[in-house]
Amino acid sequence: MTKNRIAAAVIAALIPVAVAQAQAPATKPAPAAPAAAAAAPQGKALYPQAQFDMLLKERMAQGQPDSPELRNAVRDELNTRELLLREAKKKNLDKSPEVKTQMDLMSQTVLVRAYIADWMKGNPVPDAELRKEYETIKTQIGDKEYKVAHVLVEKEDEAKQVIADLQKGQKFEDLAKQRSKDPGSKDRGGDLDWNAPANFVKPFSDAMVKTEKGKFTPQPVQTQFGWHVIRVDDVRAAKVPSFDEVKPQLQQRMQAQWLDKYLRDLRAKNGV
C-alpha cells in the first residue's frame, strides 16, 4: 500500500467522526440529561458515572430522546460490559498479546480522532478559500448544460456505420439499443440526460459543444472508452447552486484536503 493510500485510509477512517466533533459547536449540542428523566428504578451501578453520562450523550446525539427507557438501556449496557470485562480478566484475556494489541489500537484511534478534531477546529478553511474553490468549479461547469445521447462501439468502422444508418433515416434510439456497448444508457436509447461539459472526458465534451441542437456528430468521436456517435437533443443555461447551498459540502471536502496536506507534511517532517 503506498503512502498516499495509507493517508487516504487514515482520512476515510477518522475524518467523519473528526468532522462531526469539529463542527459540534455549530450545531445544537445534545442537552444535558435532566434529572427528571431518571425516574426509572435505579439498579446497582458497576460503572463510573462519567461513562454513563458520555454514553447517554452519544445516544441522544444520535437522535434518541432522553427517557427512562433510554437510561435503563444505557445502564444495562454498561453493567453488562463491566460483567463481561470481569469475566474476561478472570481468564487473563487482557494479558493476551493479540488482545492487548487490539486494545492499544482502539485507544490510539480514540486519541487520534480527538487530535484531528482539535486540529480541524484550529484550522478552519477560510471563506475566501471556499469562494475561490466555488468559482473554480463554476468555471469548470460552464454556463450551459446539454441533453445528449450516444452510441458507443468498439471500432471506428462500427461508428461510421452507425452514422451511415442514421443518415439513411434509422432511429438513433434503435441503433443505440442494438449496438451500443454502454450498459448504462443503451436500454434508454443512448440517453445520457442533462450534463455539463465538465462531466465528460474532453474529446466527448469538445465534440458535444460543437454539435448543433438536434444534430449528431458527422464523424466518430474517440475516447478511452471506444468510439462514440453523439446526438445533442437540447441545450439550456446551466443551473449552478449558490455558494451558500454548497458551502457545507465544499467545507468538508476542502477540510479533508487540508488534513491530507497536513498529514503528508507531518510524515515528511519526520522522515516517514
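Details of the structure are given in the entry above.
Residues numbered from 1 in each chain as written. Predicted model: local features only at pLDDT ≥ 70, side-chain atom pairs only at ≥ 80, totals over all residues. Heavy atoms only, no water.

Chemist: Please explain the pairing of strand β1 (residues 144–153) as it appears in this structure.
Modeler: Within a regular strand, the side chains alternate between the two sheet faces. Counting buried residues along β1, eight of its ten residues qualify, which places the element largely inside the surrounding structure. Direction of pairing for β1 relative to strand β2 (residues 191–195): antiparallel, over a ladder of three bridges. The partner of A149 across the bridge, within β2, is D191. (Buried < 20%, exposed > 50% of the residue type's maximum accessible area, 1.4 Å probe, protein only. Helix = DSSP H or I, 4+ residues; strand = E, 2+ residues; numbered from the N terminus. Pairing = 2+ DSSP bridges.)

Chemist: Please clarify how the pattern of salt bridges should be interpreted in this entry.
Modeler: Between side chains of opposite charge, a pair can form as their charged atoms come close. Going through the model one piece at a time under the given rule, you end up with 19 salt bridges. Linking K90 and E87 is a salt bridge whose minimum nitrogen-to-oxygen distance equals 3.1 Å. Note that K90 and E87 are positioned in helix α3 (residues 68–90) at a spacing of three residues, about one turn of the helix. Two residues, D234 and K213, come together in a salt bridge whose shortest N-O distance is 3.1 Å. With a gap of 21 residues between them, D234 in strand β4 (residues 226–237) and K213 in the loop between α8 (202–210) and β3 (221–223) connect regions that are remote in the sequence. With a relative accessible area of 24%, D234 lands in the partly exposed category. (Salt bridge = Lys/Arg side-chain N within 4 Å of Asp/Glu carboxyl O.)

Chemist: Quick question: what am I supposed to make of helix α2 (residues 49–61) here?
Modeler: Spacing of three or four residues puts side chains on the same side of an α-helix, whose turn is 3.6 residues. If you check α2, its first and last C-alpha atoms are 18 Å apart, about what 13 residues at 1.5 Å a residue would give, namely 18 Å. When α2 is considered as a whole, its buried residues turn out to be F52, L55, L56, R59 and M60. Taken down its axis, α2 places every buried residue within 140° of arc, on the same side. In α2, the exposed residues that point more than 90 degrees away from the buried face are A50, M54, K57 and A61. Looking at the residues trailing α2, positive phi occurs at G63, about 110°. (Expected span 1.5 Å × (residues − 1). Arc of directions from axis to C-beta.)

Chemist: Hey, could you run me through the packing of helix α4 (residues 97–122) against helix α9 (residues 243–269) in this one?
Modeler: Axis angle and axis distance: for two packed helices, these are the angle between their axes and the distance between the axes, and together they describe the pair. Where α4 contacts α9, the two axes come as close as 11 Å, and the packing angle between them is 115°. Viewed along their axes, α4 and α9 adopt a mutual orientation that is roughly perpendicular. Regarding α4 and α9, the two cross each other, and that crossing is right-handed. Judged by residue contacts, Y115, I116, W119 and M120 of α4 engage Q255, W258, L259 and Y262 from α9. Across the contact of α4 with α9, the residue classes break down as seven nonpolar, one polar and no charged. (Axes fitted to C-alpha atoms, helices over the stretch in contact; angles between N-to-C directions. Parallel < 35°, antiparallel > 145°, perpendicular 65-115°, else oblique. Left-handed = near helix turned anticlockwise from the far one by under 90°. Contact = heavy atoms within 4.5 Å. Nonpolar A, V, L, I, M, F, W, Y, C, P; charged D, E, K, R; others polar.)

Chemist: Got a minute to help me understand the sheet that holds β1 in this structure?
Modeler: Whenever strands of a sheet pair, they do so through backbone hydrogen bonds, lying parallel or antiparallel. Pairing within the open sheet is antiparallel, and its four strands lie in the order β2-β1-β4-β3. Among the strands making up the open sheet, the edge pair consists of β2 and β3. Averaged over neighbouring strand pairs, the angle between their axes works out to 40° when direction is ignored. The pairing of β1 with β4 spans ten bridges and is antiparallel. Counted as the bridge partner of K144 is A237 from β4. Across the sheet, helix α6 (residues 156–167) lies against β1 and β4, angled at about 50° from β4, the strand it touches most.

Chemist: Could you clarify how one ought to interpret the side chain of N79 in this entry?
Modeler: Take N79: it is sitting in helix α3. A polar contact is formed between the side chain of N79 and the backbone oxygen of K44, at a distance of 3.0 Å. Not counting chain neighbours up to four residues away, the residues in contact with N79 comprise K44, A45, L46 and Y47. (Polar contact = N/O pair within 3.5 Å; in protein donor to acceptor, adjacent residues only side chain to side chain.)

Chemist: What am I meant to see in the side chain of S205 here?
Modeler: Structurally, S205 is set in helix α8. For S205, a relative accessible area of 7% translates into the label buried. Residue contacts for S205: discarding those within four places in its chain leaves P197 and F200.

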